[in-house]
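# Observations on the three-dimensional arrangement
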Amino acid sequence: MLYWLTLLSDGGDFFNLFRYITFRAGGAFMTALVFGFLFGKPLIGVLRKRQGKGQPIRDDGPEGHFAKAGTPTMGGLLIIGALLTSTLLWARLDNPFIWIVLFVTVSFALIGFLDDYAKVSKQTTSGVSGKMRLAIGFVISATAAILAARYHPEALQNRLALPVFKDTLINLGYLFVPFAMIVIVGSANAVNLTDGLDGLAIMPVMIAAGTLGVIAYAVGRVDFTEYLDVHYVAGTGEILIFTAGIFGGGLGFLWYNAPPAAVFMGDTGSLALGGALGAIAVSTKHEIVLAIVGGLFVVEALSVIIQVLYFKKTGKRVFLMAPIHHHYEKKGWAESTIVIRFWIISLILAMIGLATLKVR
C-alpha cells in the first residue's frame, strides 16, 4: 500500500525510497516485529481466558509435556496478524504472487484455526479429521498452482526447474498442478508435525522463509538471474517483503514461545506457515530447493511415515516415538538441546540451499 507514495516522488526525495523492495522489506520486518511485541501479551491473555485448560496434551506423549498443560494455543494468530499487516502495508498490491501466497497462508490458517478450536472446545487431541484437512488443502493448493502457472513466463509454465542442472527443465504438463499440490500440502503438514517443542518450528520456518525470500528477490531481477544462472520470473522479488513479515512476526512470536512457552503456535500457525513456504517455492520455481532448505521438516515428516508403515508391517517401531524430535526426548535429551541443535541443522541446510544459486 505504501508503495503508492512513490506517486508523490520527483525521483530524488524520501518518497522515492518506497520504490525499492529492500527498503520496503525492512519496513515490513519492523512492522511485523512491533506488531508481535504490541499484541502478543494481550492476545495471550485473551486466549488463556477463552480456552481455559488450553491445548490438550497427548496421554501417550513424553512425560515432560504434562507440565505444559494449561498453555493456550492458536498463537499462530499473532504471526498471521503481523504478517498480513506488514505485507498489505508494504508490498505492491498489484503483484499477483503476493496475492497467491497470501491466499494460501490465510486459507491454511483458517483450516488450522478450525482444528485448534475443535480441540480446545472439546478438550481432545482430535480436531478436524485428517481426510477433511487434506481435501480442503488440496483444493487450496490446486487453485494456487493454477494461478502461479498462469503468471510464470511461458518458457517455464508447467515445468520443473532443477537447482544444479540449470539448463534442464522437466515438462510436467498436466502433472504440474498435482505436483505443486503435493509441495504445498506436504510443506504445510511437515511444518505442522515439526511443531512439537517450545520454539522448535518457528525458527526453522524463519530461516527457510528468509532463504526463500533472498531467492525470490534474486529470481525477480534480470541482472541477478544472469549472474547466478537461474530462471527469471518477473514479479517474484516482492515476495521478499512477505518473507520479511514472516521473519519479524516470527521473532515477535518467539519472544513468547521460547521455553517455557507462554503460548503454542497451534495448527493455526504451523499449517499457514508451512503452506506459505510451499507457495513461495512454487511461485519462484524452486520446489526442489525447498526440500533442501526445509530439510528438517522433510525429515520430521518422513520419520512419521516410516514409523507408521513399519509398525503396520511388523508391529515394531523404528523410533521410540515419532516425529523424530520426540524420539530424542525419549532418549533423554533435554528439550532445549533438541531445539537448538535442530536450529543449527536448519541454518546449515539454508546455506546449502543458497549455494545452489551459483553451483553448476
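Note that the coordinates shown come from a computational prediction; the quantities given were computed from them, not determined experimentally.

Turning to empty space enclosed by the protein, a few remarks are in order. Under the definition given, this model contains one cavity of 30 Å³ or more. The computed volume of the largest cavity comes to approximately 110 Å³. In terms of lining residues, the largest cavity is bounded by 13 residues, among which A161, L162, P163, V230 and H286 are the most central. Grouping the constituent residues of the lining of the largest cavity by class yields seven nonpolar, three polar and three charged.

Looking at the protein as a whole, its pLDDT mean stands at 93, while 96% of the residues score no less than 70. Considering each helix and strand of the protein separately, the mean pLDDT is smallest for helix α7 (residues 222-228), with a value of 92, and largest for helix α2 (residues 76-90), with 98.

Before going further, it helps to examine the packing of helix α3 (residues 96-122) against helix α9 (residues 266-284). Relative orientation of the contacting elements α3 and α9 amounts to 155 degrees, with a least axis distance of 7 Å. Relative to α9, the element α3 lies roughly antiparallel. In this structure, α3 crosses over α9, and the sense of that crossing is right-handed. Residue composition of the contact of α3 with α9, by class: 13 nonpolar, six polar and four charged.

Turning to unusual backbone geometry, a few remarks are in order. At the junction of P259 and P260, the peptide bond is cis and its omega measures out at -10 degrees in the coordinates. Secondary-structure assignment places P260 in the loop between α8 (239-257) and α9. Cis geometry marks the peptide bond from A322 to P323; its omega dihedral reads 0 degrees. Position of P323 among the secondary structure elements: in the loop between α11 (295-314) and α12 (324-330). Residues other than glycine seldom take positive phi values, yet N158 does so here, at roughly 60 degrees. Mapped onto the secondary structure, N158 falls in the loop between α4 (130-151) and β1 (159-161). Positive phi, close to 60 degrees, is recorded for D229, a residue that is not glycine.

For the rest of this paragraph, the subject is the packing of α2 against α8. Their axes nearest at 8 Å, the elements α2 and α8 cross at an angle of 150 degrees. The pairing of α2 with α8 is recorded here as roughly antiparallel in orientation. For the element pair α2 and α8, the recorded crossing hand is right-handed. Where α2 abuts α8, its residues L78, I79, A82, L83, S86, T87 and W90 lie against I241, F242, G245, I246, G249, G250, G252, F253 and Y256. Among the residues making up the contact of α2 with α8, the classes are represented as 10 nonpolar, six polar and no charged.

F108, I202, F242, I246 and L277 are the most contacted members of the largest nonpolar core, which totals 86 residues. Considering each element in turn, this core owes the most residues, 13 residues, to helix α6 (residues 202-219). Each residue touching F242, except ones within four places of it in the same chain, is listed here: L83, T87, I98, V101, L102, T105, A276 and I280. Residues L197, L296, I324 and V339 belong to the second largest nonpolar core, which totals eight residues.

Here we come to the packing of aromatic side chains. The geometry of an aromatic ring pair comes down to the distance between the two centres and the angle between the two planes. Enumeration according to the criterion identifies 12 aromatic pairs in this entry. Measuring from ring centre to ring centre gives 5.5 Å for F14 and F18, while their planes differ by 90 degrees; the resulting arrangement is edge-to-face. Among the aromatic side chains, those forming a connected cluster through ring pairs are F14, F15, F18, F23 and W90. Taking the ring centre of W333 as reference, the NZ or CZ of R341 above it sits at 4.8 Å.

Rules and cut-offs
- Residues numbered from 1 in each chain as written.
- Predicted model: local features only at pLDDT ≥ 70, side-chain atom pairs only at ≥ 80, totals over all residues.
- Heavy atoms only, no water.
- 1 Å grid on protein atoms, 1.4 Å probe; cavity = no way out; pocket = protein on both sides within 12 Å on 5 of 7 lines; lining within 4 Å.
- Points joined across faces, edges and corners; volume = space filled by probe spheres on them.
- Nonpolar A, V, L, I, M, F, W, Y, C, P; charged D, E, K, R; others polar.
- pLDDT = per-residue confidence, 0-100.
- Helix = DSSP H or I, 4+ residues; strand = E, 2+ residues; numbered from the N terminus.
- Axes fitted to C-alpha atoms, helices over the stretch in contact; angles between N-to-C directions.
- Parallel < 35°, antiparallel > 145°, perpendicular 65-115°, else oblique.
- Left-handed = near helix turned anticlockwise from the far one by under 90°.
- Contact = heavy atoms within 4.5 Å.
- Core = buried A, V, L, I, M, F, W, Y, C linked by side-chain atoms within 4.5 Å.
- Buried < 20%, exposed > 50% of the residue type's maximum accessible area, 1.4 Å probe, protein only.
- Phe/Tyr/Trp six-rings, centres within 6.5 Å; stacked < 30°, edge-to-face > 60°.
- Lys NZ or Arg CZ within 6 Å of the ring centre and 35° of its normal.

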